[in-house]
Amino acid sequence: MAYTPLRISTVKPNRDLTFDLYIFFKETYLKYHDKGAGLDEEKYGKLRKQKIAKFYITEDDEPHYQAFLDKLLEDTMSDPNVSVDEKVNVVDGACSTAIERMQEDPESEQSYKMTNKAAKSLRQVVEQNPEALKKIFGKKASEADLIIKHSLNVSALSLKLAQKMKCNDEQLDNIATAGLIHDVGITRLNKQDQELFKKEKSKYTSDDKRIYGLHVKDAVQALKDKPWVNAEVMELVINHEETLSGSGPNKKKKLSVSEMVLSLVNTYDKYVLTTGCTPGEAIKDMMINELGNYELDLINKFKEVLKAEGLLD
Ligand SMILES: [Fe+2]
Ligand SMILES: [Fe+2]
């Protein structure tokens, strides 16, 4: 039997579950909750406290979970009585579950479609709630979830910058999806090479740079020739490490607006996560380190976005 992971924040209490819920304990999958009834508030609260973030479902229940999640997202996003915190929680859970599945099986159509939907909900929540972005960035991630957290950050912040750059509706949806999946290649690298994510770009040796660049190739390898992968999303993933100076793995110098946006935000968020500096310090450093890699006007607009979102306070 095959099991796939899901995040507890996508399973709300008092909502009848259409799938059996498993936990992974001592190398075995144990059934935790039967389909039919919902988790009660108390049990759910305990779970969140114990920080058991991950649950599993069987392959057979997969379509049921997908339908459940679609409905949950729809209900949560459109309900004015649901707090912004709760909306962000559910969207974070949906995005994290989708990214994790893409990491585990980047060739799966179902995972890609799930990512698409999660990206749309993310867009909805950040567009409709001025405080949402700050809440997303305020969430701490565990070491194991660093890439997932980074992907969510990049997606949300790229959306904001792309909006400021007057990207159209379709471009916004594509950038949101690409933000979520852009680094699926990293978990395909061996454990040691994955550590390069946490190393500051300016400290890379030429070998580091070459090896790290492989995560782009790995992602492309998994996603190419998949009819369900949107062509623009694919281009964005291919070019997310490219800069105007040709320093990326593809040595491309001419970038579309969406590509520049994704690349800039990617550089920014990786810098913040790896150096632990504040957004204010990061943008200041980028004005120096990344000049020539991005148009100054874009960096300035990005700074305005960070300011408007309250991230520089
Ligand atoms: Fe990357
Ligand atoms: Fe990245």
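Just above sits the structure.
Predicted model, so just to flag it, every value in this text is computed and none were measured. (Residues numbered from 1 in each chain as written. Chains lettered and ligands numbered in written order. Predicted model: local features only at pLDDT ≥ 70, side-chain atom pairs only at ≥ 80, totals over all residues. Heavy atoms only, no water.)

### Examining the side chain of K12
Okay, so step 1: Note that K12 resides in the loop between β1 (3–7) and β2 (21–25).
Okay, so step 2: In this structure the side chain of K12 is engaged in a polar contact, spanning 2.3 Å, whose partner is the side chain of E86.
Okay, so step 3: Other than its neighbours up to four places away in sequence, K12 contacts Y44, R48, L72, E86 and V90. (Helix = DSSP H or I, 4+ residues; strand = E, 2+ residues; numbered from the N terminus. Polar contact = N/O pair within 3.5 Å; in protein donor to acceptor, adjacent residues only side chain to side chain. Contact = heavy atoms within 4.5 Å.)

### Considerations on the coordination of the iron ion (ligand 1)
Okay, so step 1: Note on the iron ion (ligand 1): its protein donors are D183 (OD), H215 (NE2), H240 (NE2) and E241 (OE). The metal-donor distances range over 2.1 to 2.2 Å.
Okay, so step 2: Coordination geometry of the iron ion (ligand 1): the four donor atoms subtend angles of 86 to 169° at the metal centre, consistent with an arrangement described as irregular.
Okay, so step 3: In the primary sequence, the donor residues of the iron ion (ligand 1) line up as D-x31-H-x24-H-E.
Okay, so step 4: The exposure class of E241 is buried, given its relative accessible area of 16%. (Donors = N, O, S within 2.8 Å, 3.2 Å for Na, K, Ca; no water. Tetrahedral: all angles 85-135°; square planar, octahedral: opposite > 155°, others 65-115°. Buried < 20%, exposed > 50% of the residue type's maximum accessible area, 1.4 Å probe, protein only.)

### A look at helix α12 (residues 279–289)
Okay, so step 1: Within α12, the full set of buried residues consists of A282, I283 and M286. The arc that holds every buried residue of α12, seen down its axis, measures 95°, which confines them to one face. Away from its buried face, by an angle of more than 90 degrees, α12 presents the exposed residues K284 and I288.
Okay, so step 2: Of the surrounding elements, those touching the buried residues of α12 are α11 (257–275) and α13 (296–308). (Arc of directions from axis to C-beta.)

### Here we look at the coordination of the iron ion (ligand 2)
Okay, so step 1: Protein coordination at the iron ion (ligand 2) comes from H150 (NE2), H182 (NE2), D183 (OD) and N266 (OD1), with a distance range of 2.1 to 2.2 Å.
Okay, so step 2: The coordination sphere of the iron ion (ligand 2) comprises four donor atoms, whose angles at the metal cover 87 to 172°; the geometry is irregular.
Okay, so step 3: Between the two metals, the iron ion (ligand 2) and the iron ion (ligand 1), the spacing is 3.5 Å, and D183 donates to both. Placement of the pair is H150 in helix α6 (residues 146–164) and H182 in the loop between α7 (169–181) and α8 (191–194), with a sequence separation of 32 residues. One exposure class covers both H150 and H182, and it is buried.

On their own, these measurements won't tell you what the molecule is for.
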